[in-house]
Amino acid sequence: MVIPVHDVNPVRRTPVVTYALIAANVLVFLYMPGLAGSVAGDSSLSQLCHLQAFLDHYAAVPQELIHHQLPQVVPSGAVGPGGAGCAVGPPAYDKSPVVSVFTAMFLHGGWLHLLGNMLFLLIFGNNVEDRMGHVRFALFYVVCGYAASYGFALLNDDSGDPLIGASGAIAGVLGAYLVLYPKARVWVLVPFLVFLPLRLPAWLVLGFWFVLQAVYSSGEGVSDAGTVAYAAHIVGFLAGMLLAWPLKAGTPPPPEPRGLLFGRKARPRHTW
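All values derive from a computational prediction rather than experimental measurement.

Q: Help me out: how do you make sense of the overall build of the protein chain in this one?
A: Each helix and strand counted, the protein chain has nine helices and seven strands in total. Once local pairs closer than 6 in sequence are excluded, the contacts in the protein chain between residues at least 24 apart make up 72%.

So this is what it looks like as structure tokens:
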């Protein structure tokens, strides 16, 4: 997997929505119970039970999204008798499956999950927001997140596992960037003994990312295919491409690459 670090594609205005989304995701993560590094507590059994109840309340669940059947018994957040596990009971709240898709976009399962998502959003979200405008970009982000969640739920309608993370919405941002700026250059780190810095075209970086998601969604080449919603990434990416396509014709091209290219100095170009 290549790691993007910067794109050579300046923006005309400050991407306030992108920055606000990053700030919101980080703040929510810091206050999620039962996570390492959270200011809400440690990872004791009590905190883990609190986290389980928190996710059941605010995470999206495929069964609930498709069949609209909410469980009669849910984790209460307390430790069970004798400290053997988490207590359960009737829910003390009214959960809306539709709203849970939105709240789930701001929940993450760990620092690696959070920082990986925010890195991609920071690098690629600013240009997409610049092209769409602040309000349209915010709506676009949410729509891609909903498309990704419901797309995954349709493919896994019998799953009761919570679905969390901004990956589906950010996948839509990547799909839009591929449509709008396929020739923009992206600095990436390629792990090969050491991390090699290369400047590659966006179509190669994002196309490779999409192919990896498709391979991983089939369960090939990855051991955590059951815990990562790769299918949601695919649906979000395709939704982003479709929504951005009408803007492609009027999108100005990125600047011509200068300096280093694929780790070598680019030769001067002559116009005849």
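Additional details are given in the paragraphs that follow.
Q: Can you walk me through helix α1 (residues 16–30) in this structure?
A: For an α-helix, 3.6 residues make a turn, and residues three or four places apart therefore share a direction. Taking 1.5 Å per residue, 15 residues should reach 21 Å; α1 reaches 21 Å between its end C-alpha atoms and fits that length. Among the residues making up α1, those that are buried are Val17, Thr18, Leu21, Ile22, Asn25 and Phe29. Here the buried residues of α1 occupy an arc of 140° about the axis, which is enough to place them on one side. Contacts from the buried residues of α1 go to α5 (111–132) and α6 (134–155).

Q: Please clarify how the packing of helix α4 (residues 97–104) against α6 should be interpreted in this entry.
A: To describe two helices that pack against each other, one gives the angle between their axes and the distance between the axes. Two elements in contact, α4 and α6, have axes whose closest approach is 10 Å; the angle formed by their N-to-C orientations is 115°. When you trace α4 past α6, the crossing you get is right-handed. The residues of α6 that touch α4, namely those facing Val98, Val99, Val101 and Phe102, are Val142, Gly145, Tyr146, Ser149 and Tyr150. Residues that form the contact of α4 with α6 fall into these classes: seven nonpolar, two polar and no charged.

Q: Quick question: what am I supposed to make of the nonpolar core here?
A: Note on soluble globular proteins: their nonpolar side chains tend to be buried together. Ranked by internal contacts, the top residues of the largest apolar core, which has 53 residues, are Phe124 and Tyr141. Sorting the residues of this core by element identifies α1, α4, α5, α6, α7 (167–180), β4 (185–192), α8 (202–217) and α9 (230–244) as the ones contributing at least two each. Among the elements that take part in this core, α7 stands out by supplying ten residues, more than any other. With sequence-adjacent residues up to four places away left out, Phe124 is seen in contact with Pro4, Val173, Leu174, Tyr177, Val186 and Leu206. Counting residues in each nonpolar core, the second largest holds six residues, with Met32, Leu51, Phe54 and Ala59 among its members.

Q: Even after reading the chapter, I still don't get the environment of Phe237, so can you show me in this structure?
A: With respect to the helices, strands and loops of the structure, Phe237 is situated in helix α9. A relative accessible area of 2% places Phe237 in the buried class. Linking Phe237 and Tyr177, residues 60 residues apart in sequence, is a C-alpha distance of 9.9 Å. Ignoring anything within four residues of it in the chain, the contact list for Phe237 reads Ala171, Gly172, Leu174, Gly175, Leu178, Leu206, Trp209 and Phe210.

Q: What should I look at first to understand the sheet that holds β4 in this one?
A: The sheet built from three strands is open, its strands ordered β1-β4-β5 with antiparallel pairing. What marks the edges here is a single partner per strand, and that holds for β1 (3–8) and β5 (194–201). When the angles between neighbouring strand axes are averaged without regard to direction, this sheet yields 25°. As defined by bridge partners, β4 adjoins β5 across eight bridges and the pair is classed as antiparallel. Of the residues in β5, the one forming a bridge with Val190 is Leu196. Contacts from α5 reach β1 and β4 within the one sheet, and its direction differs from that of β1 by about 20°. Seen against the sheet, α8 touches β4 and β5 and runs at an angle of roughly 115° to β5.

Cut-offs and rules
- Residues numbered from 1 in each chain as written.
- Predicted model: local features only at pLDDT ≥ 70, side-chain atom pairs only at ≥ 80, totals over all residues.
- Heavy atoms only, no water.
- Helix = DSSP H or I, 4+ residues; strand = E, 2+ residues; numbered from the N terminus.
- Contact = heavy atoms within 4.5 Å.
- Expected span 1.5 Å × (residues − 1).
- Buried < 20%, exposed > 50% of the residue type's maximum accessible area, 1.4 Å probe, protein only.
- Arc of directions from axis to C-beta.
- Axes fitted to C-alpha atoms, helices over the stretch in contact; angles between N-to-C directions.
- Left-handed = near helix turned anticlockwise from the far one by under 90°.
- Nonpolar A, V, L, I, M, F, W, Y, C, P; charged D, E, K, R; others polar.
- Core = buried A, V, L, I, M, F, W, Y, C linked by side-chain atoms within 4.5 Å.
- Pairing = 2+ DSSP bridges.

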